[in-house]
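Coordinate inspection notes
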Amino acid sequence: MIDQSAFIHPSAIVEEGAIIHPDVHVGPFCVIGPQAEIGARTVLKSHVVVTGITRIGEDNQIYPFACLGDVNQDLKYAGEPTRVEIGHRNQIRESVTIHRGTIQGGEVTRVGSDNLLMVNAHVAHDCTVGSHCIMANNATIGGHVAVDDYAIIGGMTAVHQFCVVGAHVMIGGCSGVVQDVPPFVIAQGNHATPFGINNEGLKRRGFDRAALHAIRAAYKIIYRSGKTLDEAKPELAALAQEHQVVNTFLDFLSRSQRGIIR
């Protein structure tokens, strides 16, 4: 179904069964598969491929040679009807790849809203990318990675499968991330290590002085007290009684499976 208000360039291929919502712009040489759905006012500039069971929300800008929803690179994948779900107002730049999920990984790869995925960024199967995130040029996240809201992953950085990147994290360019990165932290290097909290980014996002003080205190408990995580968690819980923002650390640690960067 193609809404009458949509623009489809004559050279584009939109297969029967695709759903194209109002005011979508499909530029030259795009290919849209029969199970794809493109939300209102989304723009596919040119040479974009959308295949598989892929739902793209509203007001997205998708640049040339992006490939969304194609077969993943997991050797166990055997053609099962897995999918990709993309939210609203994302900028998906040239040559970005977002692969469909696997049965073993929950069947879906998700990207939220208001993200910037720069040139050649790769989102592998079964990943979850939150909202307001930035993946810089050539950033790569392996299968099953979770990237929480407002995280920034620098250019040429690779994140290992199953890692969790916490909210408001900033990972410097050319890093290799092999363990989980707690929220609010700046990380850099191969292998990535912590370098304090993302103080400037948090200020720009409206965190007040009390919240910043609590986040610094939590960071010190985790990284400078000499305690194990099991020993640190009760102190974090006590701090969270006074400062709600510290619960972000506790929630993150409850999800962490690979251990945190040290």
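Looking at an unreviewed UniProt entry, one finds the protein chain named Acyl-[acyl-carrier-protein]--UDP-N-acetylglucosamine O-acyltransferase and attributed to Candidatus Sodalis endolongispinus. What the UniProt record of the protein chain gives under Subunit (unreviewed entry) is the line "Homotrimer." Per UniProt, the comment on the protein chain under Pathway (unreviewed entry) is "Glycolipid biosynthesis; lipid IV(A) biosynthesis; lipid IV(A) from (3R)-3-hydroxytetradecanoyl-[acyl-carrier-protein] and UDP-N-acetyl-alpha-D-glucosamine: step 1/6."

What to know about the UniProt feature "domain: UDP N-acetylglucosamine O-acyltransferase C-terminal" (unreviewed entry) in the protein chain
The sites that UniProt annotates as "domain: UDP N-acetylglucosamine O-acyltransferase C-terminal" (unreviewed entry) are residues 180-261. Helix makes up 54% of residues 180-261 and strand makes up 13%, while its end C-alpha atoms are separated by 6 Å.

Looking at the packing of aromatic side chains
The geometry of an aromatic ring pair is captured by two quantities: the separation of the ring centres and the angle between the planes. Counting across every chain of the model gives three aromatic pairs. Taken together, a centroid distance of 5.9 Å and an interplanar angle of 80 degrees make the contact between F184 and F207 edge-to-face. On the criterion of sequence distance, the pair formed by F184 in the loop between β26 (176-177) and β27 (185-189) and F207 in the loop between α1 (199-204) and α2 (209-223) is long-range, its members being 23 residues apart. Among the aromatic residues, those joined into a cluster by ring pairs are F184, F207 and F249. Taking NZ or CZ as reference, K45 lies 4.9 Å from the ring centre of Y63, over its face. Lying over the aromatic face of Y63, R93 brings its terminal NZ or CZ to 3.8 Å of the ring centre.

Things to note about the sheet that holds strand β11 (residues 67-70)
Strand order across the open sheet formed by nine strands is β2-β5-β8-β11-β14-β17-β20-β23-β26, with parallel pairing between neighbours. This sheet does not close on itself; its edge strands, each paired only once, are β2 (13-14) and β26.

Examining the packing of helix α3 (residues 229-242) against helix α4 (residues 247-255)
Between two packed helices, the angle of one axis relative to the other and the distance separating the axes together describe the packing. Where α3 contacts α4, the axes come no closer than 9 Å and their chain directions differ by 145 degrees. Handedness of the crossing formed by α3 with α4: left-handed. Facing α3, whose interface residues are L229, K233, L236, A237 and A240, α4 presents N247, L250 and L253.

Quick word on the pattern of salt bridges
Scanning the model with the defined rule gives ten salt bridges in all. We note a salt bridge from R55 to E37, for which the minimum N-O separation is 4.0 Å. Of the two residues, R55 sits in strand β9 (residues 53-56) while E37 sits in strand β6 (residues 37-38), which places them 18 residues apart along the sequence. With relative accessibility at 43%, the residue R55 sits in the partly exposed group.

Some thoughts on the side chain of H243
Tracing the chain through its elements places H243 in the loop between α3 and α4. For H243, a relative accessible area of 17% gives the class buried. Setting aside its immediate chain neighbours within four residues, H243 contacts A210 and A214.

A look at α2
With 15 residues, α2 extends 21 Å between its outermost C-alpha atoms, agreeing within 8% with the 21 Å of an ideal straight helix rising 1.5 Å per residue. For α2, the secondary structure elements touched by its buried residues are β27, β28 (192-197), α1, α3 and α4.

Side note on unusual backbone geometry
In this structure, H191 follows N190 across a cis peptide bond, with omega equal to 5 degrees. Inspection of the secondary structure assignment puts H191 in the loop between β27 and β28. Even without a glycine there, the phi angle at S95 is positive, about 65 degrees. According to the relative accessible area criterion, S95 is partly exposed, its value standing at 28%. You will see that M156, though not glycine, has its phi angle at about 65 degrees, which is positive. Mapped onto the fold, M156 is located in the loop between β22 (152-153) and β23 (158-159). Looking at M156, the relative accessible area reads 52%, which means it is exposed.

Some words on the pairing of strand β12 (residues 83-86)
Side-chain alternation along β12 places V84 and I86 on a buried face and R83 and E85 on a face that remains uncovered. The pairing of β9 with β12 spans four bridges and is classified as parallel. The residue of β12 that forms the bridge with T54 is V84. Relative to strand β15 (residues 108-111), β12 runs parallel, the two being bridged by four bridges. Counted as the bridge partner of V84 is T109 from β15.

Reading the values: the criteria
Residues numbered from 1 in each chain as written. Predicted model: local features only at pLDDT ≥ 70, side-chain atom pairs only at ≥ 80, totals over all residues. Heavy atoms only, no water. UniProt positions renumbered as here; feature names shortened; annotations may be inferred. Helix = DSSP H or I, 4+ residues; strand = E, 2+ residues; numbered from the N terminus. Phe/Tyr/Trp six-rings, centres within 6.5 Å; stacked < 30°, edge-to-face > 60°. Lys NZ or Arg CZ within 6 Å of the ring centre and 35° of its normal. Pairing = 2+ DSSP bridges. Axes fitted to C-alpha atoms, helices over the stretch in contact; angles between N-to-C directions. Left-handed = near helix turned anticlockwise from the far one by under 90°. Contact = heavy atoms within 4.5 Å. Salt bridge = Lys/Arg side-chain N within 4 Å of Asp/Glu carboxyl O. Buried < 20%, exposed > 50% of the residue type's maximum accessible area, 1.4 Å probe, protein only. Expected span 1.5 Å × (residues − 1).

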